[in-house]
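# Structure assessment
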Amino acid sequence: MRTYLVTGGAGFIGSNYIHYMFRKYGSSIRIINVDALTYAGNLENLKDIEDQDNYTFIKADITDADAIRKIFADNDIDRVVHFAAESHVDRSIKDPEIFVKTNVLGTAVMLNCARAAWEMPDGSFQEGRKFLHVSTDEVYGSLEEDGGYFYETTPYAPHSPYSASKASSDFLVKAYIDTYHFPANITNCSNNYGPYQFPEKLIPLIINNALHGRKLPVYGDGKNVRDWLYVDDHAKGIDMVMEQGRLGETYNIGGHNEKQNIEIVHIIIDTLLEMLPENDDRGKLVSKDLITYVEDRKGHDRRYAIAPDKIRAEIGWEPETMFKEGIRKTIAWFFEHEDWMENVTSGDYQKYYEEMYANK
Ligand code: NAD
Ligand code: DAU
């Protein structure tokens, strides 16, 4: 049975990835989820699988080398999928240091511990081991409005403390590949959306505010472009790169779905109005009048757009969920999980660990 060590599995993409992997592989894999449960980590995201024999949660900080070393010593880890990070650009502008600590030092600790566990006396690595570093398209900087794409060969040009810290972590992985022939891949993905996304990010924030009749804050002129991918398509891409990616290679993941922020806000409002039942009072609150232009994000990147040519050609990855369908699935999920949003916005989700794990 293959054992995966997933870092940051209680966050948005990590929890969707764990669900995806159990749907796909069932009891033929084991997953150990290591997460520090920062404000972004929510064990309620994994409630339905927490009692499975082939799933283990360990509360640990990836910057704590002793804790991570112990996890490798206690378990025969075949694969590492490294999601854990501080992930929100606005927070990085307010408080950059924690981004450097978690994203750079944390990645260095993960790499060191995996290398120590997997390297053989002759400097080669045990067969079948692999480290997949989950990164972002933001490391490539910003594109012109009227053209161009991010390729794997695009020079790094990060602007925010978040993207600079992710770029640094990518360079550490590349250094391990070049120096030790460490068995790793890097994936650089575009903006994700879907279930369990923390409502500080654009799409869940707009859905939640609109349903409560609160202002919908649009930064600057609202014409910044992001390239949106449904989170399951990212999970599928990570799994395919893990299985088929050539060692040492980087793969960009994105589905050619560029939209201006203001378009996203309009699509969400239209879709909410279409999907809310006629007798639902929230329909009276959802309105385009809520759109409010606010001060721009500092250093706001204008446009991101991924060229997924390499992952398509080499690995055969294609996105399955088009935006129109993905946004409906996401909104339907939020309709069905009002309690999740309520727990997150009230802070109650942070009590879950205490209640569920205090005696475990
Ligand atoms: P998230 O903020 O929702 O989740 C991050 C998780 O990491 C949380 O569960 C948190 O508790 C955990 N974590 C934070 N610091 C930790 C530490 N020191 N030790 C252990 N765990 C810690 O983030 P996300 O949106 O799910 O992103 C996951 C990864 O994917 C990140 O590396 C991010 O850079 C990358 N990524 C995100 C997107 C996106 O659109 N969200 C796109 C491309 C790449
Ligand atoms: O591109 C991948 C990246 O996408 C990931 O690496 C990051 O972890 C993830 O957070 C995301 O970064 P963005 O900064 O693009 O996502 P965010 O949802 O914060 O913002 C999307 C766009 O919407 C951006 O141009 C800023 C704008 N925005 C955001 C918020 C929260 C608004 O206009 N209003 C808002 O309230």
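Notes on the structure follow. These numbers were taken from a predicted model, which means no experiment stands behind them. Residue positions are counted from 1 within each chain, in the order its sequence is given. Throughout, the order in which chains and ligands are written sets their labels, letters from A for the former and numbers from 1 for the latter. Residue-level local features of this predicted model are given only where pLDDT is at least 70; pairs of side-chain atoms are given and counted only at 80 or more, and the full residue set underlies all totals for whole chains, interfaces and linings. Neither water nor hydrogens contribute to the side-chain values; these are computed over all heavy atoms in the structure.

Okay, the packing of aromatic side chains next. Think of it this way: a Phe, Tyr or Trp ring, Trp meaning its six-membered ring, pairs with another when their centres are within 6.5 Å, and the plane angle makes it stacked under 30 degrees, edge-to-face over 60, tilted otherwise. Enumeration according to the criterion identifies 23 aromatic pairs in this entry. Consider the rings of Trp333 and Phe334, whose centres lie 5.1 Å apart with planes at 85°: the pair is edge-to-face. Taken individually, Trp333 and Phe334 each receive the classification buried, so the pair is uniform in this respect. Charge-over-ring placement is defined geometrically: NZ (Lys) or CZ (Arg) within 6 Å of the ring centre, and within 35 degrees of the ring normal. Residue placement shows Arg91 over the ring face of Tyr39; its charged tip is 3.4 Å from the ring centre. Above the face of the Tyr304 ring, Arg226 is positioned so that its terminal group lies 3.9 Å from the ring centre. Burial classification: accessible surface area is computed with a 1.4 Å probe over protein chains only, and a residue below 20% of its type maximum counts as buried, one above 50% as exposed, and the rest as partly exposed.

Bringing empty space enclosed by the protein into the picture now. Put plainly, a pocket is an open set of points on a 1 Å grid over the protein atoms alone with protein on both sides within 12 Å along at least five of seven lines, a cavity is a set where a 1.4 Å probe fits but cannot get out, and a lining residue has an atom within 4 Å of a point. Grid points are joined across faces, edges and corners, and a volume is the space filled by probe spheres set on the points. Inspection of every chain in the model, using the stated rule, returns 1 cavity of 30 Å³ or more. When its volume is computed, the largest cavity comes out at roughly 60 Å³. Under the scheme applied here, ten amino acids are nonpolar (Ala, Val, Leu, Ile, Met, Phe, Trp, Tyr, Cys and Pro), four are charged (Asp, Glu, Lys and Arg), and all others, including Gly, are polar. Of the residues in the lining of the largest cavity, the class split is 3 nonpolar, 3 polar and 5 charged.

Residues are labelled near a given molecule or strand when at least one of their non-hydrogen atoms is within 4 Å of it. Inspection of the region around ligand 2 gives 23 residues, with Asp137, Tyr162, Asn191, Arg297 and His300 positioned closest. Side-chain polar atom of Thr136 to an oxygen atom of ligand 2: 2.7 Å apart, as the coordinates give it. In the analysis that follows, any N or O atom pair within 3.5 Å is treated as a polar contact, provided that within protein one partner can donate a hydrogen and the other can accept it, and provided that, for residues neighboring in sequence, both atoms belong to side chains. Between ligand 2 and Tyr162 there is a distance of 2.6 Å, counted from an oxygen atom to a side-chain nitrogen or oxygen. Burial of ligand 2 by the protein amounts to 94% of the accessible area it has alone, namely 680 Å². Put simply, DSSP marks the helices as runs of H or I at least four residues long and the strands as runs of E at least two long, and each gets a number from the N terminus on. Breaking the shell around ligand 2 down by element, the ones donating at least two residues are helix H6 (202–211) and strand E8 (216–219). No other element matches E8, which puts 3 residues into the shell around ligand 2. Working definition of accessibility: Shrake-Rupley area with a 1.4 Å probe, residue cover restricted to the visible protein chains.

All right, on to the side chain of Glu138 then. Secondary-structure assignment places Glu138 in the loop between strand E5 (130–136) and helix H5 (161–180). Look at Glu138: it is buried, it has no salt bridge, and the nearest opposite charge is Arg226 at 5.1 Å. A distance of 3.3 Å separates the side chain of Glu138 from the side chain of Tyr304, its partner in a polar contact. Lys and Arg are tallied as positive, Asp and Glu as negative. Neither His nor the chain termini are counted. The term salt bridge refers to a side-chain nitrogen of Lys or Arg lying within 4 Å of a carboxyl oxygen of Asp or Glu.

Turning next to the nonpolar core. Burial of nonpolar side chains together is a common tendency in soluble globular proteins. Among buried residues, those of type Ala, Val, Leu, Ile, Met, Phe, Trp, Tyr and Cys that are joined through side-chain atoms within 4.5 Å constitute a nonpolar core. Tyr17, Ile18, Ile31 and Val81 are the most contacted members of the largest nonpolar core, which has 34 residues in total. Whether two residues touch is decided by their heavy atoms; if any such pair falls within 4.5 Å, the residues are in contact. Excluding its chain neighbours within four sequence positions, the residues that come into contact with Ile18 are Val6, Gly9, Ile31, Asn33, Leu46, Ile49 and Tyr55. Formed by 33 residues, the second largest nonpolar core is a distinct cluster that contains Tyr193, Phe198, Trp228 and Phe323.

Nothing here speaks to function; it is geometry throughout.
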